[in-house]
Amino acid sequence: MDDLECAGFEFFSNFDSANLSRVEYVPCFESATQSSRSTLQDVHDVEFNIWTKPDCFGTEFENANRTWFYFGIRANAPELVVKLNLVDLNRQGKMYSQGMAPVYRIVPGKLQWERVRDKPSYSMNDNIFTLSFKYKTPENVQSIVYFAFTYPYSYAELTNTLNTNDERFLDKAVLSRDDIYYVREAICFSLEGRRVELLTISSYHNISNEREARLKDLFPEKHVLRPFRFIGKKVIFISARVHPGETPSSFVFNGILNLLLSVDNPVAIVLRRLYVFKLIPMLNPDGVARGHYRTDTRGVNLNRMYLNPSLTLHPSIFAARALIRYHHFGYEKEDHFCETIDLPNDNDDISSMEDNHGGNDHKLTEKGLTENHENKISKVADDDENTEYGDLNSNESGLFMYLDMHGHASKKGIFMYGNHFEDFERNIDCMLLPKIMSINNFNFHFTACNFTERNMYLKDRRDGMSREGSGRVAVLKLTGLVRSYTLECNYNTGSLVNVLPSTIKESGRGVHTIPIPPKYNPHIFEEVGKTLGASILDLTGDNPITRLPNSQFHSLNGVRDWLKMHCVNELGETRCVPARFKLRKSSSLRAQGKSLRGAVLKTRSPSIRDAKRIMVKAVHSTSVVPVERKENICASSPRNSSQPSCSNIVTVPRPRPKVLFDSTRSKSRKESTLKLKGNTTVEKSKSASNVKHSQSRHNATKLKSVKLDAIKEKEQKGTEGKRMIAKYKGKCDGRKGSDSDLIVQWDSHNAAQVFSHKVKGYGIKALPSLGGDPGPTKGLFRVYNFSKSKKSKRPLRRLASSNDVPTKIDKHKKRRTLKGQTS
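Thresholds applied
Residues numbered from 1 in each chain as written. Predicted model: local features only at pLDDT ≥ 70, side-chain atom pairs only at ≥ 80, totals over all residues. Heavy atoms only, no water. UniProt positions renumbered as here; feature names shortened; annotations may be inferred. Helix = DSSP H or I, 4+ residues; strand = E, 2+ residues; numbered from the N terminus. Buried < 20%, exposed > 50% of the residue type's maximum accessible area, 1.4 Å probe, protein only. Contact = heavy atoms within 4.5 Å. Areas by Shrake-Rupley, 256 points an atom, 1.4 Å probe, with all protein chains shown as cover. Pairing = 2+ DSSP bridges. Expected span 1.5 Å × (residues − 1). Polar contact = N/O pair within 3.5 Å; in protein donor to acceptor, adjacent residues only side chain to side chain. Axes fitted to C-alpha atoms, helices over the stretch in contact; angles between N-to-C directions. Parallel < 35°, antiparallel > 145°, perpendicular 65-115°, else oblique. Left-handed = near helix turned anticlockwise from the far one by under 90°. Nonpolar A, V, L, I, M, F, W, Y, C, P; charged D, E, K, R; others polar. Salt bridge = Lys/Arg side-chain N within 4 Å of Asp/Glu carboxyl O. Phe/Tyr/Trp six-rings, centres within 6.5 Å; stacked < 30°, edge-to-face > 60°. Lys NZ or Arg CZ within 6 Å of the ring centre and 35° of its normal.

- In the annotation of an unreviewed UniProt entry, the entry for the chain reads tubulin-glutamate carboxypeptidase, and the organism field reads Photinus pyralis.
- Checking UniProt for the chain, the heading Cofactor (unreviewed entry) contains the comment "Zn(2+)".
- Among the UniProt annotations of the chain, the heading Catalytic activity (unreviewed entry) holds the following wording: "C-terminal L-alpha-aminoacyl-L-glutamyl-L-glutamyl-[tubulin] + H2O = C-terminal L-alpha-aminoacyl-L-glutamyl-[tubulin] + L-glutamate".

1. Here's the deal with the overall build of the chain
- The number of helices and strands found in the chain is 23 helices and 28 strands.
- Across the 823 residues of the chain, 52% fall into the buried class.
- Contacts spanning at least 24 positions in sequence make up 72% of the contacts within the chain whose residues lie at least 6 apart.
- In the form shown here, the chain has an accessible surface area of approximately 38300 Å², with 49% of it arising from carbon and sulfur atoms.

2. Concerning the sheet that holds strand β1 (residues 4-6)
- Strand order in this open sheet of 6 strands is β1-β2-β5-β11-β7-β8, and the pairing throughout is antiparallel. Two strands lie at the open edges of the sheet, namely β1 and β8 (114-115), each paired on one side alone.
- Bridge count for strand β2 (residues 9-12) against strand β5 (residues 70-74) is 3 bridges, and the pairing is antiparallel. Bridge pairing in β5 places F11 opposite I73.

3. Quick word on helix α15 (residues 522-538)
- Across its 17 residues, α15 extends 25 Å between first and last C-alpha, which sits within 8% of the 24 Å expected from 1.5 Å per residue.
- Burial analysis of α15 places 12 of its 17 residues in the buried class, which makes it a mostly covered element.
- Within α15, burial applies to I524, F525, V528, G529, T531, L532, G533, A534, S535, I536, L537 and D538.

4. What about helix α5 (residues 266-274)?
- Along α5, the residues that are buried comprise V267, A268, V270, L271 and R272.
- If you follow the buried residues of α5, they end up packed against β12 (180-189), β13 (195-203), α4 (248-260), β17 (275-280) and α15.
- Where α5 begins, one side-chain oxygen reaches toward the backbone nitrogen of V267, 2.9 Å away; that side chain belongs to N265.

5. Overview of the pairing of β12
- Buried residues dominate β12, accounting for 9 of its 10 residues.
- The pairing of β12 with β13 spans 9 bridges and is antiparallel. The residue of β13 that forms the bridge with Y181 is S202.
- Linking β12 to β13, which pair antiparallel, is a turn of 5 residues; within it G193 sits at a positive phi near 90°.

6. What to know about the packing of α5 against α15
- At a minimum axis distance of 10 Å, the contact between α5 and α15 shows a crossing angle of 60°. It follows that α5 is oblique to α15 by the angle criterion. Along this stretch, α5 crosses α15, giving a crossing that reads as left-handed. Note on element contacts: α15 touches α5 through G533, A534, I536 and L537, opposite V267, V270, L271 and L274.
- When grouped by side-chain class, the residues that make up the contact of α5 with α15 number 7 nonpolar, 1 polar and no charged.

7. Here's the deal with the pattern of salt bridges
- Counted according to the given criterion, the structure contains 21 salt bridges.
- R74 serves as the salt-bridge partner of E10, at 3.2 Å between the closest nitrogen and oxygen. Of this pair, E10 sits in strand β2 while R74 sits in strand β5, and the two are 64 residues apart along the sequence.
- For R273, the salt bridge is made with D178, and the minimal N-O distance between the two is 3.2 Å. Of this pair, R273 sits in helix α5 while D178 sits in the loop between α3 (155-169) and β12; the two residues are 95 residues apart in sequence, bridging distant segments of the chain.
- Classification of R273 as partly exposed rests on a relative accessible area of 34%.
- The class of D178 is partly exposed, set by a relative accessible area of 29%.
- Via salt bridges that share partners, D166, R184, R195, E197 and E221 belong to a single interconnected network.

8. A few points about the sheet that holds strand β6 (residues 81-89)
- The strand order across the open sheet built from 5 strands is β3-β4-β6-β10-β9, with neighbouring strands paired in mixed fashion. With one partner strand each, in any of the chains shown, β3 (22-25) and β9 (121-125) form the two edges of the open sheet. Averaged over all pairs of adjacent strands, the angle between strand axes in this sheet comes to 25°, irrespective of strand direction.
- One ladder, built from 6 bridges, connects strand β4 (residues 46-51) with β6; its direction is parallel. Each residue of the ladder has a partner; that of F48, found in β6, is L84.

9. Examining the UniProt feature "active site" (unreviewed entry) in the chain
- As recorded in UniProt, the sites labelled "active site" (unreviewed entry) are E488.
- Position of E488 among the secondary structure elements: in strand β21 (residues 484-490).
- Judged by relative accessible area, E488 falls into the buried class, the value being 8%.
- Those residues in contact with E488 that sit more than four places away from it in its chain are H406, G407, H408, G413, I414, F415 and Y417.

10. Considering unusual backbone geometry
- With an omega of -10°, the peptide bond running from V107 to P108 counts as cis.
- Locating P108 in the fold gives a position in the loop between β7 (103-107) and β8.
- The backbone phi angle of S17 is positive, close to 75°, even though this residue is not glycine.
- For N206, which is not a glycine, the phi torsion comes out positive at approximately 60°.
- Mapped onto the secondary structure, N206 falls in the loop between β13 and β14 (207-211).
- What makes N206 partly exposed here is its relative accessible area of 41%.

11. Some thoughts on the packing of aromatic side chains
- Under the counting rule described, the total for this entry stands at 31 aromatic pairs.
- A ring pair is formed by Y70 and W113, whose centres lie 5.8 Å apart and whose planes are at 65°; its orientation type is edge-to-face. In this pair, Y70 is assigned in strand β5 and W113 in the loop between β7 and β8, connecting sequence segments 43 residues apart.
- Positioned above the aromatic ring of F228 is the side chain of R211, whose terminal nitrogen or guanidinium carbon lies 3.9 Å from the ring centre.
- Over the ring of F219 we find R226; its NZ or CZ atom is 3.7 Å from the centre of that ring.

12. Observations concerning the environment of E453
- Positionally, E453 belongs in helix α13 (residues 453-456).
- Residues E453 and F421, spaced 32 residues apart in sequence, show a C-alpha to C-alpha distance of 8.0 Å.

Right, here's the structure in full:
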C-alpha cells in the first residue's frame, strides 16, 4: 500500500509486516463534542481515526481478523500531543483492561521498542471496538514514530538474522566434535514464493557419512546438500509463526536458537551432543510479510491443516508434516491420503480452479479445494489413524519432542498445552517438561497449562475448525509422541512469578525471585527459549547446571512423584470415588505435621451405590488421587493455589495388606498401613472396654498374646475372596436406620463380621439387604468413618470375638437402668 498524507502528517505502511488501511482527520470541535469529559488528560492538539486492514484485505478471502496493526507517522511540527483512534479492531477489551499497551519506537532517535507511556483507552460504540492512545511528536521533525500492536518481528528481520548466522557457522573448519554443526536450507517455498527456512543444528558427535533423504516435492534448492544423518541422536522439532501476528513466538524461538549457537554455554554443548534440532522459524512467511494476524494469503488458519495438508495450498504445513514423519520412522514413508487428492499441477492457475469450485465465497473455495476431498481421504485417513498409533514405540521413534510456539491474547502468563492419554504414566511424562519449566523460569505458569482431552478437540468460535488439526494433536496422531506441545505466550503479562531455586553451581546463595509479574518484552520471551533448553536436559538428568537438587522436589523422581500426588484429573464418569475433592493448602498441613494425602475433604453426601463402593474400597485399599486444578486447590505456596487442567482419571493402586488390623500388630506397622488407606481416624484400641462385662481382664490379655501366625491363618482363611458390605440391620424399606443399626459384614454366610458404628449426620440411605447372617468374628478389624462433618468424625469401634458386645450407647442405657433400680 502507498503511504498516506492527512492534515500535514505522513503515514507509512509500505514495508514488511505493516498494516494500515486509511486515516481520517478529526477536527477539534468534533473531538470536543465526542468527549464526555474535559479534564487535562483529554487535551490534545491533533486527532486521527485510523482503520487497519483485515487479513486478506481486498481479496475474495478477506476475513474478520483485524487485531494486528503496524505503521509509521511523521509529524509536521515538534512536540504536538496527538491522539490516535484505532477504529473497528477485534474486541480485545479483556487484554487492554489488564494493562496491555501498543509499542512504539522513533527512527532516528529511539530505536528500541517500548510500550506507549500514555495508558490506552477503549470503547464500544455501535458494536465497533475502538482503541485510543496519545503520544508527543519528537523534536526532530524528520523522525518517524512507528506504532505496532506488540513487539514486531518481520520476515526481513528473520532473513537478516539467518544471514548473520550463516557468516558465523557455514563453511567453518571443524576443530572438535563439540563444534556446532549448522545447516540452513529451504524446505519449500510459500504460495508467494518466499523461503520457508529449515535449520539443522547439532554437534559432530555420532555424525555419519550418509545424508538425509531429499523428500519428495520438497527441498527445491538442488545445489544445497542435505544434512548428514546422526547415529543414536533423536530429533527435537521446533516451529513458530504459523499465526503471523503472534510475534512472541519468534522471540522465544530466537532464545532457543541463540542458546544452541552459543559456543561455550555448557547447556548448549550437552544439547548439541545429545540431540539434532530441526527448526522452522516462520511457517507462514506470506502472512507475516503482509501484516496478517492469523491466516495466510488465502484466509486459511494453517494450524488446523496438519491432518491433511496440501502441497499446493499449504506447502509449509505439508513440508513440516512430511519432515516429522521422516524423522519418526527413520525413512520416507508414503503418506496415503495425499495421493488421493486431485491437486493442480504447478503450471495450473489456482484462481481458475477456485472459480470452478464456487468462485467468490472464500469458504466455498476452501471447501472446493480441501473439504471436497474429505470424502476421498476419509477412509484412508481413518485407516492411517488406526495404524499410526503404535507404529513405533517411543524408544524406536527418531523423535524426542515436538514444540510449536504461539502468542495468546486472553489467558495470562506463559504456559503449554499438552495432549491427553488414557495411560497414567504417559500423562505424567507429558506434564514433566512444563513442570520443570516452572522450576527454571520466572514467568512460566504451570497452573495455566492444559492437558485435557477437551482442549485437544475444541472448536474455534470464529471458524468452527477443530484443534484436532493443530500441530500438537496431529503429531500425536501421526507418531504417538508423548512430548508434543504448544507453547503459548501472553502478549502483555502474567499472573504470578516463580521463585527459582539456585543452580547446583550456586549452592548456598539462596533462591532468586522478582517481586511482581513484569510487562513482557522480547528479553523475557527469549529467556523462556533459553530455559527451555535447560528443561529438556532435566528430563533425562543431563543438565550440568540443574536447579532440581535445590528445589523442593530434590530430583526428577521427586517432580514425578509430586505430579502423581497433585496433578491428576477432573473427576469424570469413571471416577472411583463418588465425590469431588478439595485439598487443603500444603503449607498449613506441613505446619500441623499432617500429610497431604490425608487432607481430602468430602463436599457432598454419597448415594446408596457410592456408600457401598466406599466400604468395598476401604478393604481393597485402592485410593484415588484428586486432580490438581482450580477446583482442587493444593499449591506449594499460598500465592499459587490453582492447578493445571488434566482430564485423565488416575487411580493409584496401593499394596493390598494380606492381614487386616488386629491387636498384635506393632505401632509402626499400623501407622504405615493406615497411610495407605487414606484420610481416616483410628484411635488406640482399648480391649478391656470392648470385651463383654462377663469376660475377665485375664481373658482379654490372653487374646492379645495369641501368635501372629495363627491370626494370619485364620484371617486369610476367613476373608479370602470375600468383600465387605454395609447395611442397616432390619431396615430394608428405604427408611433411614439408626446409628446402632448400621453394620458392616463380609458377604459370606459362615464368616460374617459385625461392627457397631457411630455416625453423626452422615445421611446414608438404607441399603437393601444383601444376605448373610452375622456369625462369629474371626479376628479384630477396623472400619472407617466417612463422616461429612469434620467435627463429627469419630473412630469406629473395635470389637472382640463376640457378636453381642455392647456398644457405648448400650452401656449408658444399662447404667441408667441400674442407677434407677438402685435408687
